[in-house]
Amino acid sequence: MGITYKDEQELQGMRVACRMAAEVLDHLTPFIKPGITTREIDRLAAEFMKKQGSISATLGYQPSGYPPYPASLCTSVNNVVCHGIPNDKPLKKGDIVNVDVTVIKDGWYGDTSRMFIIGEASIAARRLVQVTYEAMWHGIVQVKPGVRLGDVGWAIQKFAESNGFSVVREFCGHGIGRTFHEEPQVLHYGKPGTLEELRPGMTFTIEPMINAGRRDVKEFGNDGWTIVTKDHSLSAQWEHTVLVTESGYEVLTLSAGSPPPPAFVKG
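Residues numbered from 1 in each chain as written. Predicted model: local features only at pLDDT ≥ 70, side-chain atom pairs only at ≥ 80, totals over all residues. Heavy atoms only, no water.

## As for the state of the cysteines
Phase 1 of the analysis: Taken as a whole and judged by the stated rule, the model has zero disulfides.
Phase 2 of the analysis: Here Cys74 stays unpaired: no disulfide links it, and the sulfur of Cys82, its closest cysteine neighbor, is 8.0 Å away.
Phase 3 of the analysis: Judged by its relative accessible area of 8%, Cys74 falls in the buried class. (Disulfide = S-S within 2.5 Å. Buried < 20%, exposed > 50% of the residue type's maximum accessible area, 1.4 Å probe, protein only.)

## Things to note about helix α1 (residues 8-28)
Phase 1 of the analysis: In this model α1 runs 31 Å from its N-terminal to its C-terminal C-alpha over 21 residues, within 8% of the 30 Å that 1.5 Å per residue would give.
Phase 2 of the analysis: Three or more residues of α1 are buried, namely Leu11, Gly13, Met14, Ala17, Cys18, Met20, Ala21, Ala22, Val24, Leu25, Asp26 and Leu28.
Phase 3 of the analysis: Tucked into the core, α1 has its buried residues touching α2 (38-52), β4 (96-105), β5 (108-117), β9 (203-206) and β14 (240-244).
Phase 4 of the analysis: Backbone nitrogen of Gln9 and a side-chain oxygen of the N-cap are separated by 3.2 Å at the start of α1; the cap is Asp7. (Helix = DSSP H or I, 4+ residues; strand = E, 2+ residues; numbered from the N terminus. Expected span 1.5 Å × (residues − 1). Contact = heavy atoms within 4.5 Å. Polar contact = N/O pair within 3.5 Å; in protein donor to acceptor, adjacent residues only side chain to side chain.)

## Details of the sheet that holds strand β13 (residues 235-237)
Phase 1 of the analysis: Read across the sheet, three strands follow the order β6-β10-β13 without closing on themselves; strand pairing throughout is antiparallel. Where the open sheet ends on each side, the last strands, each with one partner, are β6 (166-167) and β13.
Phase 2 of the analysis: With three bridges connecting them, strand β10 (residues 209-211) and β13 associate as antiparallel partners. By the bridge assignment for β13, Met209 is matched with Gln237.
Phase 3 of the analysis: Across the sheet, helix α3 (residues 123-140) lies against β10 and β13, angled at about 35° from β13, the strand it touches most. (Pairing = 2+ DSSP bridges. Axes fitted to C-alpha atoms, helices over the stretch in contact; angles between N-to-C directions.)

## Description of the sheet that holds strand β11 (residues 217-219)
Phase 1 of the analysis: Read from one edge to the other, the open sheet built from three strands follows the order β3-β12-β11, with strand pairing classed as antiparallel. Since the sheet does not close on itself, it has two edges, and those belong to β3 (80-82) and β11, each with one partner. Strand after strand, the sheet turns through a mean of 45° between neighbouring axes, direction not considered.
Phase 2 of the analysis: The pairing of β11 with strand β12 (residues 227-229) spans three bridges and is classified as antiparallel. Across the sheet, residue Val217 finds its bridge partner in β12, namely Thr229.

## As for the nonpolar core
Phase 1 of the analysis: Counting residues in hydrophobic clusters, the biggest one holds 33 residues, and the most contacted among them are Met136, Trp137, Ile140, Val143, Leu198, Phe204 and Ile206.
Phase 2 of the analysis: Only α3, α4 (149-162), β9 and β14 provide two or more residues apiece to this core.
Phase 3 of the analysis: For this core, the leading source of residues is α3, giving nine residues.
Phase 4 of the analysis: In contact with Val143, not counting residues within four places along its chain, are Val152, Leu198, Phe204, Ile206, Val242, Leu243, Val244, Gly248 and Tyr249. (Core = buried A, V, L, I, M, F, W, Y, C linked by side-chain atoms within 4.5 Å.)

## So, the UniProt feature "binding site: substrate" (unreviewed entry) in the protein chain
Phase 1 of the analysis: As recorded in UniProt, the sites labelled "binding site: substrate" (unreviewed entry) are His83 and His181. From this annotated list, the subset lining the largest pocket comprises His83 and His181.
Phase 2 of the analysis: Here His83 is to be found in the loop between β3 and β4.
Phase 3 of the analysis: For His83, a relative accessible area of 21% gives the class partly exposed.
Phase 4 of the analysis: With near-sequence residues (within four places) excluded, His83 lies in contact with Tyr69, Cys74, Ser76, Phe171, Trp225 and Thr226.
Phase 5 of the analysis: You can see His181 is positioned in the loop between β7 (173-175) and β8 (182-186).
Phase 6 of the analysis: Overall, the relative accessible area of 40% leaves His181 in the partly exposed class.
Phase 7 of the analysis: Sequence-distant contacts of His181, defined by excluding residues within four places in its chain, comprise Tyr61, His174 and Gly175.
Phase 8 of the analysis: A distance of 2.9 Å separates the side chain of His181 from the side chain of Tyr61, its partner in a polar contact. (UniProt positions renumbered as here; feature names shortened; annotations may be inferred. 1 Å grid on protein atoms, 1.4 Å probe; cavity = no way out; pocket = protein on both sides within 12 Å on 5 of 7 lines; lining within 4 Å.)

Rendered as structure tokens:
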């Protein structure tokens, strides 16, 4: 399946689904503190999705070669890079956790994730979370017609590596619309002027996974999903779904509770 370009009517559906995904994270934010389990976060999300009239895209999701995913969202704690499955272990002060939500509303998918710092975390952990957030936005602000995906990836890589961190290569952003994962792949590293050219109507995620140590990752345990850093270093991730407009970009997964863009983002 090639890249899909959405017209204005289709974009209205995308906007609703994406806003709903962000509103799930808004709803969860006050609950994410020391002592809560990630399974309870998952339960609260499922309850809220039902109330808002959306459904989870991850529950039962089974790409080729994977077991069905067993939860309504992903919770990736500390050295977990992505696809962490909610469990009964309480979060403790100093943990960092990525909560990744994808909902389906009227056939459209909305995908976003945020980092949460549990209580007081170390300066190093807080810095990783902040730099990863800014790295995502360094990618987002590149987006406009005529730019290439290699420019987006390079902006993220350059910023992350200049701050002493590394970019995970094995997982990337992706096109999204009426299916969870469409073309193109959105790499968070790359060479300027390479890969697909951006055109109005494209919608895709930018979701860099940034490690405090080396970029190498591995599967953890035998659940078929959880990915961790090979050197046990901390990892962080943020994610927005972005639309290429006629003159630039629109971030579709913004809501009332979304963290504000960094100071360098204009407009």
